[in-house]
Each structure stands twice: as C-alpha cells, then as structure tokens.
Amino acid sequence: MRVRVFLAFLLLANAAAIGTVSAQTATPPPQQASSSVREKMRQKINENLLVLVCGSLGAPYIQLGHDISVVVNEGDNLRVLPVVSDGAFTNVRDVLYLKGVDLGITTVQTLNALKVSGEYGPNIDRLLTYIAPLSVDTLHILARPGINSIFDLKGKKVNFNSKGSGTARFTPQVFKTLGIPVTEVTMAQGDAIQAMRDGELDATACSCPMPLPAFPGVKPEWGFKFLDVPYGPQFEQDYFPATISNANYPNLVPKEKRVDTLATSTILISFNWPRNTDRYRRTEKFVEAFFTKAEELRKPSRHPAWRDANLAGTIRGWQRFPAAQQWIDQNIKKTAEPVPAPAAAPRRNEADEALFQEFIKFRQKTKQ
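Everything numeric here is computed off the predicted structure, so don't read it as measured data.

A.B. asks: It is not clear to me how the nonpolar core should be interpreted in this structure. Could you clarify?
C.D. replies: Ranked by internal contacts, the top residues of the largest apolar core, which has 78 residues, are I131, L153, F286, F290 and F291. When residues of this core are assigned to their parent elements, the largest contribution, eight residues, is made by strand β4 (residues 128-143). Other than its neighbours up to four places away in sequence, F286 contacts L50, I68, V72, L78, V80, L103, I131 and L268. Core analysis: the next-biggest nonpolar cluster, separate from the first, contains 20 residues, L142, A195, V218 and F226 among them.

And the structure:
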C-alpha cells in the first residue's frame with residue numbers, strides 16, 4: 001500500500017513538473033516578448049517609409065517636400081520623411097550614395113552638369129531616374145539700396161545661398177558670363193537678409209521656386225529691390241527667360257513693374273532600383289499616391305509653385321522611373337511638352353558599359 005501511495009506521489013510530482021515546463025515554454029519571458037514586439041513595430045514602420053532630401057530651412061525645397069509628405073501620407077501604409085539638406089547639388093549625391101535615401105529634389109541644370117562632369121561617377125543618367133518636374137526655379141537677386149543694376153554689383157559682396165545648393169554651384173557663373181566679378185559668400189537666405197540690413201552684404205541670390213519664404217517678410221521701407229538679369233544666347237543651354245512680378249512679391253515689386261530674370265526646372269528624382277526589389281516596390285507605391293493625389297498639392301495651403309506644376313512633363317536626356325511612366329501612360333492621354341535640355345551624351349563604348357554594369361552591382365549591395 002505504501003509503495004502504491006509513493007508511486008502515485010511520484011506520478012503527480014512529475015506531471016506538475018512537466019506542466020510547469022510546458023507553461024514556461026508556451027509563455028516567453030517578458031523581456032523576450034518585449035523584444036519581439038519592438039521588432040515587429042520596427043518592421044512595420046520602416047516597411048513603407050521613404051526618405052526625401054529637400055533643402056535648407058527657410059528655403060522652398062523643404063516646403064515642397066513637406067507638402068508631398070502631407071499629401072501622400074497613409075500612416076504606416078505609406079509615409080514620406082522630408083529631410084533638411086544643403087540643396088540641389090548634394091541631393092543628387094545623397095540619392096546616389098547615402099544609405100536610406102529614396103528621393104531627392106534637384107534641378108535639370110544640376111543633373112545635366114553632373115552628367116557631363118562625371119563628378120559623382122559615370123553614367124548617372126542610367127543610375128538616376130526622375131519622377132516628375134515639380135516647379136520652376138527662378139533666379140532672384142535682391143540688392144540693398146543704392147544698387148540699381150546687376151552691373152552695379154561689380155566688386156561687391158554677394159551671397160549665393162547655402163553651400164551645396166544649386167545656386168552656390170551655378171549662379172556665380174551667371175555673374176562671370178556677364179563680366180561681373182563679385183566676392184562670393186554662402187549662407188541661408190534669412191541670414192543674408194539680416195547681413196544686408198547690417199551693411200555686411202550687398203546682395204543675395206537664390207535660384208528657387210517663388211515665393212522664397214525669406215523674402216515676403218522684407219519691409220518696403222528697407223529699400224531692397226530685385227535686379228533684372230539680362231537673358232541672351234549665352235544662357236540658352238541652362239536657362240529660359242522668366243519674370244518676377246507684384247503677384248509674387250507685393251512688398252518688393254510695384255504693381256506696374258516686372259523684373260526680368262532667368263529660370264530652370266526643379267524635379268523629383270529617385271535611384272533607378274531594379275524591379276522586384278523592396279526599394280522599387282516602395283517607390284512604386286509612392287508614385288501611385290503622388291500622381292493620384294496631385295490635385296491636393298494645388299490647394300491654397302500648399303506652396304504656390306504647385307499651381308503651375310506640370311507633373312507629366314518630360315525631361316530630355318533622362319529616363320522617368322518606370323512605375324511613374326506607366327502611371328502617366330495609363331492615365332494621361334495628351335503628350336506632355338518636354339523640358340528643354342542639352343543634347344544627349346555620347347554613346348558608351350564596350351569598356352564603359354562593362355564598368356557601368358559593375359557599378360550597378362556595387363550600388364545594389366551598398367545602398368540597401
């Protein structure tokens with residue numbers, strides 16, 4: 001009898017032990033469960049996130065980027081994160097090489113110059129694609145009292161926007177082409193306005209969509225004015241003629257006056273991801289939302305540059321992101337007018353082609 005009781009006790013003890021082990025196996029420790037939840041959350045919020053490099057604070061590119069992020073936002077299903085950057089020139093570099101960057105705002109002029117120079121590597125016209133033209137970058141040259149012509153700036157100190165911007169890279173060449181030597185400095189437009197008020201700067205230049213956020217706050221009594229930039233054959237390759245009017249800056253341009261200047265086109269670019277990759281899928285999802293909701297970008301609360309944007313416009317010498325081209329082909333019947341661009345680059349030889357293919361493989365490995 002005692003033996004039977006003892007055996008029954010052992011069986012009950014073993015059953016209890018097995019139950020305890022099973023319970024421990026079925027329910028992970030709190031720390032392990034918490035780690036699993038965090039990993040799922042991390043995957044969820046990153047799965048449909050795209051990073052868009054824009055421009056400096058107080059400049060139009062960051063506002064354009066913010067407008068895009070607001071319009072296409074679908075929570076964790078689609079989110080665009082606009083990021084402050086140096087501007088058009090470095091944005092191209094970041095889209096090409098910076099990990100995690102998906103989209104960038106730049107100009108046709110910047111892309112064409114980099115294609116010719118090879119500064120960021122060969123064949124960038126195959127590594128990069130554009131999604132859509134966004135706006136027009138108008139060359140603003142705002143000067144202090146006593147300066148009535150761009151030629152009066154000879155030997156003066158002129159700001160060319162933030163370092164790394166398209167303005168800093170290309171606008172000094174406009175002055176050189178016109179035979180106007182100046183002392184070049186770079187700073188944000190808000191800082192430039194204050195430097196002009198303090199007498200430390202004679203003028204500030206910015207090739208930017210209108211209106212530039214720093215300029216509407218300029219008071220008429222300060223005596224600042226926009227200067228005409230004469231258009232001629234020497235600028236035909238990179239610019240087209242444009243004007244600045246009272247409708248753009250009521251505080252700086254009288255109603256009866258128009259300021260003649262130059263302009264180039266702003267575009268949204270992406271890396272040329274291979275199909276059937278996660279980065280391509282993400283960009284494709286963005287493209288669908290961006291074009292489908294394009295009318296929301298023209299609302300009064302958005303940057304005024306959107307009102308004249310032709311998102312279906314084409315860029316000569318550059319390829320559109322395939323999903324964007326497909327959307328346009330399926331939804332827009334009328335052929336869009338191309339944006340002027342220099343002649344196409346010369347054809348590559350076999351050695352160049354082999355080098356390009358090798359570079360493509362390298363970028364796919366490093367830019368994940």
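Don't stop here, the text continues.
A.B. asks: Even after reading the chapter, I still don't get the state of the cysteines, so can you show me in this structure?
C.D. replies: Cysteine pairs can be covalently joined through their sulfur atoms, and such a bond is termed a disulfide. Enumeration over the complete set of coordinates arrives at one disulfide. Paired by a disulfide, C206 and C208 hold their sulfur atoms 1.8 Å apart. Neither C206 nor C208 differs from the other in exposure class; each is buried.

A.B. asks: Honestly, the pattern of salt bridges in this entry has me stumped. Any pointers?
C.D. replies: A side chain with one charge can pair with a side chain of the opposite charge if their charged atoms come near. Scanning all chains against the criterion turns up nine salt bridges. Residue R282 is joined to D278 by a salt bridge in which the shortest nitrogen-to-oxygen separation is 2.9 Å. Of this pair, R282 and D278 both sit in helix α9 (residues 278-292), four residues apart, roughly one helical turn. Taking relative accessible area as the criterion, R282 reaches 14% and is therefore assigned buried. Among the residues examined, D278 registers a relative accessible area of 39% and is labelled partly exposed.

A.B. asks: For this particular structure, what's the right way to read unusual backbone geometry?
C.D. replies: Most peptide bonds take the trans form, and the phi angle of most residues other than glycine is negative. Each neighbour pair has its own omega, and for M210 with P211 the value is -5 degrees, a cis peptide bond. Structurally, the position occupied by P211 is in the loop between β7 (203-208) and β8 (225-226). You will see that N123, though not glycine, has its phi angle at about 60 degrees, which is positive. With respect to the element layout, N123 can be found in the loop between α5 (108-117) and α6 (124-127). In this structure, N161 takes a positive phi of about 65 degrees despite not being glycine. Considering the arrangement of structural elements, one finds N161 in the loop between β5 (157-159) and α7 (166-177).

Basis of the calculations
Residues numbered from 1 in each chain as written. Predicted model: local features only at pLDDT ≥ 70, side-chain atom pairs only at ≥ 80, totals over all residues. Heavy atoms only, no water. Core = buried A, V, L, I, M, F, W, Y, C linked by side-chain atoms within 4.5 Å. Buried < 20%, exposed > 50% of the residue type's maximum accessible area, 1.4 Å probe, protein only. Helix = DSSP H or I, 4+ residues; strand = E, 2+ residues; numbered from the N terminus. Contact = heavy atoms within 4.5 Å. Disulfide = S-S within 2.5 Å. Salt bridge = Lys/Arg side-chain N within 4 Å of Asp/Glu carboxyl O.

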